[in-house]
Amino acid sequence: MSQPRPPMNSRPYDHSAQSELGSGQSSPSAPGVSGSPQHWETRYRRRRLSAGIGLVALAALILAVVSGGGASSHRLRHGARSSGSRFIGNAPGGPIEGLGNWTPAQTAAVGRVLRYAPFVTQGSRRRRDVALTFDDGPSTFTPQVLSILRREHAPATFFQIGRSARQYPDIAREVLAAGLPIGDHTETHPALAGLSPAQQRTEILDGAKSVQSYGAPYPRLFRPPYGSFNPATEKLARGHHMLTIMWTVDTRDFSQPGAHKIVFTALSGAKPGAIILMHDGGGPRGETVAALPRIIHVLRHRRFRLVTVPQLVLDDPPERTQSAPQSGAG
Ligand SMILES: [Zn+2]
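Everything in this summary refers to the structure shown in the same document.

Running from N to C, helix α6 (residues 142-152) and helix α12 (residues 286-301) point in directions that differ by 20 degrees, and their axes come no closer than 10 Å. Here α6 lies roughly parallel to α12, going by the angle between them. In terms of crossing hand, the pair formed by α6 and α12 is right-handed. Residues Gln144, Val145, Ile148 and Glu152 of α6 form the contact with α12, whose participating residues are Val289, Leu292, Pro293 and Ile296.

A regular strand carries its side chains on alternate faces of the sheet. The buried fraction of strand β7 (residues 275-279) is high, at five of five residues. Alternating residues of β7 divide into Ile275, Leu277 and His279 and Ile276 and Met278, and every residue in both groups is buried. Direction of pairing for strand β1 (residues 129-137) relative to β7: parallel, over a ladder of five bridges. Within the sheet, the bridge partner assigned to Asp135 lies in β7 and is His279. By the bridge criterion, two bridges tie strand β6 (residues 249-250) to β7 in an arrangement that is parallel. Each bridged residue has a counterpart across the sheet, and for Asp250 the counterpart in β7 is Leu277. Taken together, β6, helix α11 (residues 259-269) and β7 constitute a β-α-β crossover, and its handedness is right-handed.

It is worth spelling out the nonpolar core at this point. For soluble globular proteins, nonpolar side chains are generally found buried alongside one another. Core analysis: the largest hydrophobic core is formed by 62 residues, its most contacted members being Ala131, Val145, Val175, Leu243, Ile245, Ile276 and Val313. No other element matches α12, which puts six residues into this core. Residues contacting Val313, with those up to four places away along its chain left out, are Ala109, Val110, Val113, Val120, Gly123 and Leu243.

The geometry of α11 relative to α12 is characterised by a closest axis approach of 8 Å and an angle of 40 degrees between their N-to-C directions. Taken together, the axis directions place α11 and α12 in an arrangement best described as oblique. Crossing hand, α11 versus α12: right-handed. Residues Ala259, Ile262, Val263, Ala266 and Leu267 of α11 form the contact with α12, whose own contacting residues are Glu287, Thr288, Ala290, Ala291, Arg294, Ile295 and Val298. Tallied by class, the residues present in the contact of α11 with α12 amount to nine nonpolar, one polar and two charged.

So, about unusual backbone geometry. Going from Gly137 to Pro138, the amide bond is cis rather than trans, its omega being -5 degrees. Mapped onto the fold, Pro138 is located in the loop between β1 and α6. Of note, the phi angle at Arg252 is positive, near 55 degrees, even though the residue is not glycine. Tracing the backbone through its elements, the reader meets Arg252 in the loop between β6 and α11. Even without glycine at this site, Arg303 takes up a positive phi of about 70 degrees.

Before going further, it helps to spend a moment on the pairing of strand β2 (residues 157-160). Residues of β2 alternate between two faces, with Thr157 and Phe159 on one and Phe158 and Gln160 on the opposite face, all of them buried. Taken together, the four bridges between β1 and β2 define a ladder with parallel strand orientation. Looking at the pairing, Gly137 lines up with Gln160 of β2. As for the winding sense of the linkage, the β-α-β connection from β1 through α6 to β2 is right-handed. Here β2 runs beside strand β3 (residues 182-184); their pairing, made up of three bridges, is parallel. Opposite Gln160, over in β3, you have Asp184 as the bridge partner.

Definitions and limits used
- Residues numbered from 1 in each chain as written.
- Predicted model: local features only at pLDDT ≥ 70, side-chain atom pairs only at ≥ 80, totals over all residues.
- Axes fitted to C-alpha atoms, helices over the stretch in contact; angles between N-to-C directions.
- Helix = DSSP H or I, 4+ residues; strand = E, 2+ residues; numbered from the N terminus.
- Parallel < 35°, antiparallel > 145°, perpendicular 65-115°, else oblique.
- Left-handed = near helix turned anticlockwise from the far one by under 90°.
- Contact = placed C-beta atoms within 7 Å.
- Buried ≥ 20, exposed ≤ 12 C-beta atoms within 10 Å, placed from the backbone.
- Pairing = 2+ DSSP bridges.
- Right-handed = clockwise from strand over helix to strand, strands pointing away.
- Core = buried A, V, L, I, M, F, W, Y, C linked by C-beta atoms within 7 Å.
- Nonpolar A, V, L, I, M, F, W, Y, C, P; charged D, E, K, R; others polar.

This is the structure we're talking about:
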């Protein structure tokens, strides 16, 4: 643990990591082939030996990430060239590898948590799992978010506004095609606590119908806009088999504080079991798009595993008592 880290580890954000991987793949044979007697090479090889385990492990990790997302990334880049902002173009992307759609085990886990928790603000703290979530889409920014998630091979969960899903059904379908879970974020994004139970019911169920209208399954996750809910909302969501998902970290990206600030806020609040709130719709989301790659890179550098919300609920069931987040975002 006290050994100095390999240079690559000290530059987690450096995009040249991939090119270093390229040289790393060929380097094992290079010194032997050259047979050079130079001292620098001897020192180099000795240093390589001392850092060997770390380098090999890191290279394997990067190789796994690059090779896992490589094919789809290439297809996506190609698609972006041929179709402007639409990264998938005429060739719909398949699920992000290792995700797929909801599994029966995830559905069962949601049902178990529904029985004891009115809402979820974070998973258990036992594992270094973090869930990225995006609200208020779909929008014209959603394809950019999806493109990054595909390239980084990173899962996330989307809480869509029904009205927006009807406005952008093709974009909404791209989220579905990526195998990413889609939750209900109401039909028109009102503050539910100010509505009657009947009005709340209409908002929640119309939102569910809208996401189903383009092919998504009935949503088993629900997130109240602005974090605004009351006991009637809890009863409605539970009665319709939806688990209410709040958040641990509000990046406040909707206020457009700058990409650096979004990165800082997301990473400052990251901890085991955290649910991070961001937005792929509801306004200009260029800063969110700019911040996302670094958030993913640094979380992984800190050895967090990115998971979807249903996976978090399955692997890290939340505690029975949780407090609601303070801020009124969402
Ligand atoms: Zn919202």
